[in-house]
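# Breakdown of the fold
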Amino acid sequence: MTAPGPRDGVLTAASPQGVWAWVAVRLAPAAALDAHRGYADVPEEQRRTQAAGQELAWLEALLASGPGIRFELRLRNDPSARLLRGALLGQARGADHDAAVRAALALRDRLTAAPRHVRAEPVSDTDEVRDWLAPFTPHPDGLAELRKPLAHAPCARRDTGRTDSFAVSPLRWAAHSREPFWAELGRLPYPAVAGVCLEPYTVPQDVRHAFRALADEYARLAAPGSVRPTWNVAAPPDVFAGQALPLLQDAVRRYAGRAYRSRVSLACAEALPPGLAEQFAAAAGGAVVCRPPAREWAAAWANTAGLNRNRLPLTYAQGAPAHALNPVEWLLTDLLDASEAAAAFRLPYEVPGHHPLFAAPGRVPGPRPAEPGPAPARQPVPPGGDPGAPRFDG
């Protein structure tokens with residue numbers, strides 16, 4: 001059961017594997033991009049590129065944070081003000097309460113040291129942290145998950161024992177404006193949140209070997225196979241394997257050290273409006289939109305409400321036979337290197353002359369008192385799921 005911790009802004013929950021803790025850092029644009037030293041007399045596109053480059057460097061530094069933490073950029077609309085509020089949410093775990101709190105506070109310090117175009121303020125009110133995690137109950141048609149594109153096809157060859165082949169495309173980093181999506185999110189007349197959750201992950205040697213073995217398997221499938229004695233002809237190459245091979249070879253290089261495991265989510269208190277999730281996906285480096293089916297809806301919302309990453313097999317398979325993906329292929333679907341993470345993860349900024357999109361001091365009143373929405377029904381932890389998933393229902 002989740003309960004408020006000490007009034008230091010740390011929310012804690014005990015689990016069979018230790019104690020989990022959550023913290024938050026409020027975000028707002030520090031100033032319009034042309035007001036920063038170094039951005040003066042720089043064209044708008046170059047200002048965005050420089051700001052995005054600083055965020056990429058910040059995410060690269062956070063990769064060294066070590067295991068046991070997650071953090072999420074979360075944007076939340078304010079329907080009354082038609083402006084967005086931003087926060088960085090952090091989750092840490094420890095063997096006991098004190099260890100978890102120390103880890104969470106250390107993570108909050110790191111998150112507060114954000115790039116200079118962002119104002120970052122630690123949240124010291126535990127109730128506000130709780131409200132950031134689960135501010136409302138989503139509509140049954142109000143959830144979407146954004147994933148790396150996953151293509152699949154039946155395997156035309158049987159000499160490796162594979163029935164289906166898969167190709168996972170990376171997200172593409174670019175300094176495109178995120179303002180159109182932010183404006184649409186801010187204009188919604190009902191509550192909504194968008195979040196990009198990242199967990200630093202050091203790719204172990206056995207996984208690197210598995211990536212190389214997978215690339216070698218596809219290289220064999222992409223070439224003519226052994227001669228069939230009955231017909232005295234070679235098995236033809238598998239066309240799809242040949243298309244997937246460059247992506248796997250890129251993954252071997254891309255995920256050779258530190259990376260992020262990820263979850264990108266959108267939730268609304270009413271049904272998702274047409275095109276909003278797709279606009280978010282396009283802005284996030286070419287992701288694809290996946291709608292959780294009814295049987296995975298509760299687990300999908302629990303991931304957002306608890307900063308968790310429990311796998312949603314039906315949602316994440318993107319129409320492929322979920323049972324056919326092996327563990328290495330599942331891992332490839334949610335690994336991001338720093339540049340991919342930066343493609344999805346854009347901190348608030350403002351451009352001079354553009355309509356303000358974010359709440360800021362003097363623009364609207366300060367943060368509203370926490371008013372947690374109705375709690376979702378208690379759900380069991382999925383098999384192999386995250387025991388730290390908070391339960392806000394008691």
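Each remark here, short or long, concerns the structure printed above.
First things first, this report covers the structure right here in the doc.

### Things to note about the pairing of strand 9 (residues 164-168)
- A large share of strand 9 lies buried, amounting to five of its five residues.
- The alternating pattern of strand 9 places D164, F166 and V168 on one face and S165 and A167 on the opposite face, and all of these are buried.
- Note that strand 8 (residues 150-154) and strand 9 share five bridges and pair antiparallel. Its bridge partner lying in strand 9, H152 is registered against F166.

### Things to note about the nonpolar core
- Residues L59, L88, L185, L198, Y260, L266 and F345 are the most contacted members of the largest nonpolar core, which totals 61 residues.
- Beyond its immediate chain neighbours, meaning those up to four positions away, L198 contacts L59, R70, F71, Y260, R261, S262, L336, A341 and F345.
- Grouped together as the second largest cluster of nonpolar side chains are 44 residues, A244, Y255, A320 and V328 included.

### Some thoughts on the environment of P246
- The topology assignment puts P246 in helix 6 (residues 239-254).
- We classify P246 as partly exposed; its relative accessible area is 45%.
- Once the C-alpha coordinates of P246 and S169 are considered, the two residues, 77 residues apart in sequence, prove to be 10.0 Å apart.

### Re the packing of aromatic side chains
- Summed over the entire model, instances satisfying the criterion amount to nine aromatic pairs.
- Ring geometry for W58 versus F345: centroids 6.0 Å apart, planes at 45°, classification tilted. Here W58 is found in helix 1 (residues 44-62), whereas its partner F345 is found in the segment after helix 11 (338-344), with 287 residues between them in sequence. Of the two residues, W58 and F345, both sit in the buried class.
- Here F71 and F345 contribute two aromatic rings whose centre-to-centre distance is 5.9 Å and whose plane-to-plane angle is 75°, an arrangement assigned as edge-to-face. Pair noted here: F71 is in strand 4 (residues 69-78) and F345 is in the segment after helix 11, with a separation of 274 residues, a long-range link.

### Here's the deal with the pattern of salt bridges
- The full count for this structure, using the stated rule, is 19 salt bridges.
- One salt bridge in this structure joins E340 and K148, with 3.8 Å as the shortest N-O distance. Of this pair, E340 sits in helix 11 while K148 sits in the loop between strand 7 (143-147) and strand 8, and the two are 192 residues apart along the sequence. For the pair E340 and K148, one class covers both residues: buried.
- Residue D334 is joined to R261 by a salt bridge in which the shortest nitrogen-to-oxygen separation is 3.4 Å. A residue pair is termed long-range when its members are at least 10 positions apart, and D334 in helix 10 (residues 327-334) and R261 in strand 13 (residues 258-268) qualify at 73 residues.

### As for unusual backbone geometry
- Residue R82 is not a glycine yet carries a positive backbone phi of 55°.
- We classify R82 as partly exposed; its relative accessible area is 44%.
- Positive phi is not limited to glycine here, since L307 has a value of about 60°.
- As for its placement among the helices and strands, L307 is situated in the loop between helix 8 (294-306) and helix 9 (313-316).

### So, the pairing of strand 2 (residues 11-15)
- Counted residue by residue, strand 2 has four buried out of five residues, so it is predominantly covered.
- Two elements, strand 2 and strand 3 (residues 18-29), share five bridges in a ladder whose sense is antiparallel. Its bridge partner lying in strand 3, A14 is registered against V19.
- Here strand 2 folds back onto strand 3, and the loop between the two strands holds two residues.

### Notes on helix 7 (residues 276-283)
- Among the residues making up helix 7, those that are buried are L276, A277, F280 and A281. Projected onto a plane normal to the axis of helix 7, the buried residues spread over an arc of 140° and lie on a single side.
- Residues of helix 7 that are buried make contact with strand 7, helix 4 (179-187), strand 10 (192-202), strand 13 and strand 14 (288-290).
- Phi turns positive, to about 80°, at G285, one or two residues after helix 7.

### Considering the packing of helix 4 against helix 7
- Viewed as axis vectors pointing N to C, helix 4 and helix 7 meet at an angle of 150°, and their least axial separation amounts to 9 Å. Here helix 4 lies roughly antiparallel to helix 7, going by the angle between them. Judged by the sense of rotation from one axis to the other, the crossing of helix 4 with helix 7 is left-handed. Residues P180, F181, E184 and L185 of helix 4 lie in contact with helix 7, whose contacting residues are L276, Q279 and F280.
- Of the residues that constitute the contact of helix 4 with helix 7, the class distribution is five nonpolar, one polar and one charged.

Analysis parameters
Residues numbered from 1 in each chain as written. Predicted model: local features only at pLDDT ≥ 70, side-chain atom pairs only at ≥ 80, totals over all residues. Heavy atoms only, no water. Buried < 20%, exposed > 50% of the residue type's maximum accessible area, 1.4 Å probe, protein only. Helix = DSSP H or I, 4+ residues; strand = E, 2+ residues; numbered from the N terminus. Pairing = 2+ DSSP bridges. Core = buried A, V, L, I, M, F, W, Y, C linked by side-chain atoms within 4.5 Å. Contact = heavy atoms within 4.5 Å. Phe/Tyr/Trp six-rings, centres within 6.5 Å; stacked < 30°, edge-to-face > 60°. Salt bridge = Lys/Arg side-chain N within 4 Å of Asp/Glu carboxyl O. Arc of directions from axis to C-beta. Axes fitted to C-alpha atoms, helices over the stretch in contact; angles between N-to-C directions. Parallel < 35°, antiparallel > 145°, perpendicular 65-115°, else oblique. Left-handed = near helix turned anticlockwise from the far one by under 90°. Nonpolar A, V, L, I, M, F, W, Y, C, P; charged D, E, K, R; others polar.

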